[in-house]
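# Descriptive analysis of the structure
Residue strings, one per chain:
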Amino acid sequence: MSLEEYRKEIDRINHDLAELIAERMEVVEKVGEYKKENNMEIKDEGREEVVKDQFADIFKQNDLPGQKGRKLAHFLISMAIEEEEEVKEE
């Protein structure tokens, strides 16, 4: 494959990732609404650790460093917390 073909493949994957993240954020918004209605805290460190462990395991299963999976999970959790805080303020 040429460099341009590799880049097109990366662009396609980026598009797919963005769509999945958008789908995840829609669910996060619903979680935020649920927490607001039930007067629950936004942060749940136990759940955050479970998600980070899940990502680490998935990365390892795909021959990637588990720590990088934990970093990605941390980023996604940060996005989720921001979204839930916005929902709670509405």
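What you are looking at is a predicted structure, and each value in this text was computed from that prediction instead of being measured.

## Some words on the side chain of Lys 52
Take Lys 52: it is sitting in helix α2 (residues 45-61). One buried charge, Lys 52, has no salt-bridge partner; the nearest side chain with opposite charge is Glu 49, at 4.7 Å. What Lys 52 contacts, discounting residues up to four positions off in sequence, is Arg 70, Ala 73, His 74 and Ile 77.

## Examining the pattern of salt bridges
Under the criterion given, the structure shown has six salt bridges. Put simply, Lys 43 and Glu 48 hold a salt bridge, and the shortest N to O gap is 3.2 Å. Classification of Lys 43 as partly exposed rests on a relative accessible area of 46%. According to the relative accessible area criterion, Glu 48 is buried, its value standing at 12%. The closest approach of N and O atoms between Arg 70 and Glu 49, which form a salt bridge, is 2.4 Å. Pair noted here: Arg 70 is in helix α3 (residues 66-89) and Glu 49 is in helix α2, with a separation of 21 residues, a long-range link. A cluster of three or more residues bridged by salt bridges with shared partners is formed by Glu 9, Arg 12 and Asp 16.

## Brief notes about helix α1 (residues 3-37)
Over its 35 residues, α1 extends 51 Å from the first C-alpha to the last, a length consistent with the 51 Å expected when each residue adds 1.5 Å. For α1, the full list of buried residues reads Met 25, Val 28, Gly 32 and Lys 35. Residues of α1 that are buried in the fold lie against α3. Of the residues flanking the end of α1, it is Asn 39, one or two places downstream, whose phi is positive at about 50°.

## What about α3?
Over its 24 residues, α3 runs 35 Å from end to end, which matches the ideal 34 Å to within 8%, given 1.5 Å per residue. Along α3, the residues classified as buried are Gly 66, Gly 69, Ala 73, Leu 76, Ile 77, Ala 80, Ile 81, Glu 83, Glu 84 and Val 87. On the buried face of α3, the contacting elements are α1 and α2.

## Examining the packing of α2 against α3
Closest axis-to-axis distance for the α2/α3 pair is 7 Å, and the angle between their directions is 140°. Put simply, α2 runs oblique to α3. Two packed elements cross with a definite hand, and for α2 against α3 that hand is right-handed. Residues Glu 48, Glu 49, Val 51, Lys 52, Asp 53, Phe 55, Ala 56, Phe 59 and Lys 60 of α2 pack against Gly 66, Lys 68, Gly 69, Arg 70, Leu 72, Ala 73, His 74, Leu 76, Ile 77 and Ile 81 of α3. Looking at the contact of α2 with α3, its residues break down into nine nonpolar, three polar and seven charged.

So, how was this worked out
Residues numbered from 1 in each chain as written. Predicted model: local features only at pLDDT ≥ 70, side-chain atom pairs only at ≥ 80, totals over all residues. Heavy atoms only, no water. Helix = DSSP H or I, 4+ residues; strand = E, 2+ residues; numbered from the N terminus. Buried < 20%, exposed > 50% of the residue type's maximum accessible area, 1.4 Å probe, protein only. Lys, Arg positive; Asp, Glu negative; His and termini not counted. Salt bridge = Lys/Arg side-chain N within 4 Å of Asp/Glu carboxyl O. Contact = heavy atoms within 4.5 Å. Expected span 1.5 Å × (residues − 1). Axes fitted to C-alpha atoms, helices over the stretch in contact; angles between N-to-C directions. Parallel < 35°, antiparallel > 145°, perpendicular 65-115°, else oblique. Left-handed = near helix turned anticlockwise from the far one by under 90°. Nonpolar A, V, L, I, M, F, W, Y, C, P; charged D, E, K, R; others polar.

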